[in-house]
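# Secondary and tertiary structure notes
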Amino acid sequence: MTRSRMVGLGVLAGSILVAPALLSFSTASELLIFGLAAAAAYPVIGVGGLFSFGQAALFGIGGYTGGWLMAHAALPLLWPLLAGAAAAGLFATAMGAMCVRRSSIYFIMLTFAFNQLVYYAIYSWRGVTGGQDGLADIARPARLLPYLPGVNLDRPVNFYVLVAVIVFGCFLLLLRIVDSPLGRVLDAAKQNARRAAAIGYDIHRAQTLAFALSGVFSGIAGVLYAMLYWIMPIDAVAWVNSGNLVFMVLIGGLGSIFGAPIGAAVFILLQDSLSLVWDRWPLLFGLIVIGVVLFLQGGVLELGGMLRPALRRASGADAP
Amino acid sequence: MITSALLGVQVANGLAVGALYALMAFGLSIIKGLLNVPNFAHGALFLVGAYVAWAVSGGSGSFWLGLLAAAAATALLGMAIERLLVRRLHRGAYLFQLLLLFGTALVMEQTVIAIWGGLGRSMSPPPWLTGAVDLGFSPFPRYLLFIVVAAAVVIAAVWALIERTWIGARIRAGIERPEMAQSLGIDVEALVTAAFALGAGLAGLAGALAAPLTGLSVTMGTDMLAIALVVVVLGGLGSIYGGVLAGLLVGVVQSLAALWVPQASTVVIYAAMILVLAVRPQGLLGER
């Protein structure tokens, strides 16, 4: 692991520790959960260059599957978490297998259509999912693992610690995936699909695998989200949420997976502060999206990179 | 009990809804052809069209003026979006173009809510379009017939514009070989603006036509965008007209599905799309 990775992980861990001092536990938890969802989208969007607008579907399938189990059975957390991850992973595999064979523009439209398929399926299946009211009465499990003593997750601080541990662990795994040979193949396919295939890599298989892994981690984020407010709202599956997740990856910076949690933080804090200003905050958010796309394509990480030389000069440390 | 009259009404309903899908998909295909990007703001333009038609026809008392205002307003909006925003990005920067259009869609949707409120509205068709025509085996509501005819006339007119005129020849050249067209002295940039305005105007018109049929709601744009994208994918790669056929087909299938599985009629469309793509990946009329 390179030095910059270690520094990044250190900063991430530090931020997780400091966040509850600055924000409420629930806002900090939400921030981490969307950080994971955005990081889960990164292998597909950032590394693979596959602009999936179906990420909310994966997030939602995880949340609804895990949420339904928690609402109907008093199981240890392990089982809803695994079920959500597995369901989202399986769906992502099927979606990926069908989508990666299409060229860019059709790929985008297909992932979008899959997102809407899931949205309407959940919307229509009212008896199980609660339809447009969302899946209510989700109970946070009383135990994490079978045979272990219970823990009260309804205490905000306990829930935050749980979310922090799971999100940080998943982030380590995602970092490992991005740096793995799979990540290299995805990157190669992004730069030149024909050459990557000519060298002998099965790029469609690699891309489908990336989708599957993205689905697993999105699903985990979804299950955590279902626990956050004891309800799984249908808005979480809407295509706007897919757009939001893509925006988080972008505003953080497409060049690094560390941009994903930063992007999520920017998004959540922006949403929270804008919604205080005006009921129609998505309008302001839309204007910000437009502004970022036109003027700050490298995202926040690039902004940091642009500022660094200036800061050095200001402090006089950059005298060669 | 499903009678032939009920079946007939559902087919009529499906054709009308399908005609709207066809208008939307047609506009999307034209924009996609020249800009090579799916217009994520297409649903918001549909929404704006519906509300403008409702406001103008309510204010002026003229249904036609409402239709005209909707098409003109959205065409102007489309022109502005292309000129002021999309143009600033490099061609082929898909993700940025998509996010830009996503942001634009949010702004338009929220502006509609800010102006007209988040509640649903209803709009009635003009008196001469109420009631039904009897086709012998089943009645066909007049307004549904009007939608089908209006959409057919507009699509035929745009078809003639693209296939039979001097401008159309340039648009086709711009879609097939943009660099070659440019080097032959065709102003491709102006064509892109024109195509965006045309596509946006079709979306606005579809919204205006839909308003008396489905009523107005702030989510109508998102719902329509999703289906229109499916229709374009079903219609086929590189085929502007595949979407028209697919639109009618999807409308009728959805409408008939509502008879047997009323709650899941929208899900049926997406399932059908996945099925078709599994069997025929290039879409109905697609080449390659």
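Preceding this section is the structure that the text describes.
Residues numbered from 1 in each chain as written. Chains lettered and ligands numbered in written order. Predicted model: local features only at pLDDT ≥ 70, side-chain atom pairs only at ≥ 80, totals over all residues. Heavy atoms only, no water.

## Topic: the overall build of chain B
- A tally of regular secondary structure across chain B gives 11 helices and two strands.
- Counting helices and strands in the order they occur from the N terminus, chain B gives α-α-α-α-β-β-α-α-α-α-α-α-α.
- A compact globule built from 288 residues should have a C-alpha radius of gyration of about 19 Å, and chain B, at 19 Å, falls within 12% of that.
- With respect to the principal axes defined by its C-alpha atoms, chain B has extents near 60 × 50 × 35 Å.
- The buried share among the 288 residues of chain B stands at 55%. (Helix = DSSP H or I, 4+ residues; strand = E, 2+ residues; numbered from the N terminus. Rg over C-alpha atoms; globule rule 2.2 N^0.38 Å. Buried < 20%, exposed > 50% of the residue type's maximum accessible area, 1.4 Å probe, protein only.)

## Focus on the interface of chain A and chain B
- At the junction of the two partners, chain A supplies 39 residues and chain B supplies 46 residues.
- At the junction of chain A with chain B, the criterion picks out zero salt bridges.
- In this structure, the connection of chain A to chain B is made through two residue pairs in polar contact (both at pLDDT 80 or more).
- Elements supplying a minimum of two residues to the side of chain A that touches chain B: α5 (104–124), α11 (239–252) and α13 (281–295) of chain A.
- The element best represented in the side of chain A that touches chain B is α5 of chain A, accounting for 14 residues. (Contact = heavy atoms within 4.5 Å. Salt bridge = Lys/Arg side-chain N within 4 Å of Asp/Glu carboxyl O. Polar contact = N/O pair within 3.5 Å; in protein donor to acceptor, adjacent residues only side chain to side chain.)

## Let's talk about a nonpolar patch on the surface
- Side chains of L17, V18 and L22 of chain A sit close together on the surface and give an oily, nonpolar patch of about 360 Å² of accessible area.
- The topology assignment puts L17 of chain A in helix α1 (residues 3–22). (Patch = residues over 30% accessible without salt bridge, like charges linked within 9 Å, V, L, I, M, F, W, Y side chains within 5 Å. Areas by Shrake-Rupley, 256 points an atom, 1.4 Å probe, with all protein chains shown as cover.)

## Brief notes about unusual backbone geometry
Residue and element names in this part refer to chain A.
- One non-glycine residue with positive phi stands out, namely D137, at about 60°.
- With respect to the secondary-structure elements, D137 resides in the loop between α6 (126–129) and α7 (156–179).
- Exposure remark for D137: the relative accessible area of 67% places this residue in the exposed category.
- For W230, which is not glycine, the phi torsion reads 60° and is therefore positive.
- Note on placement: W230 falls in the loop between α10 (203–228) and α11.
- Residue W230 is classed as partly exposed on the basis of its relative accessible area of 36%.

## Section: helix α10 (residues 242–260) of chain B
- Taking 1.5 Å of rise per residue, the 19 residues of α10 of chain B would be expected to cover 27 Å, and the 27 Å separating its terminal C-alpha atoms lies within 8% of that figure.
- Taken residue by residue, α10 of chain B has G242, G243, V244, A246, G247, V250, G251, V252, Q254, S255 and A257 of chain B as its buried positions. (Expected span 1.5 Å × (residues − 1).)

Interpretation in functional terms is not warranted from these geometric data alone.
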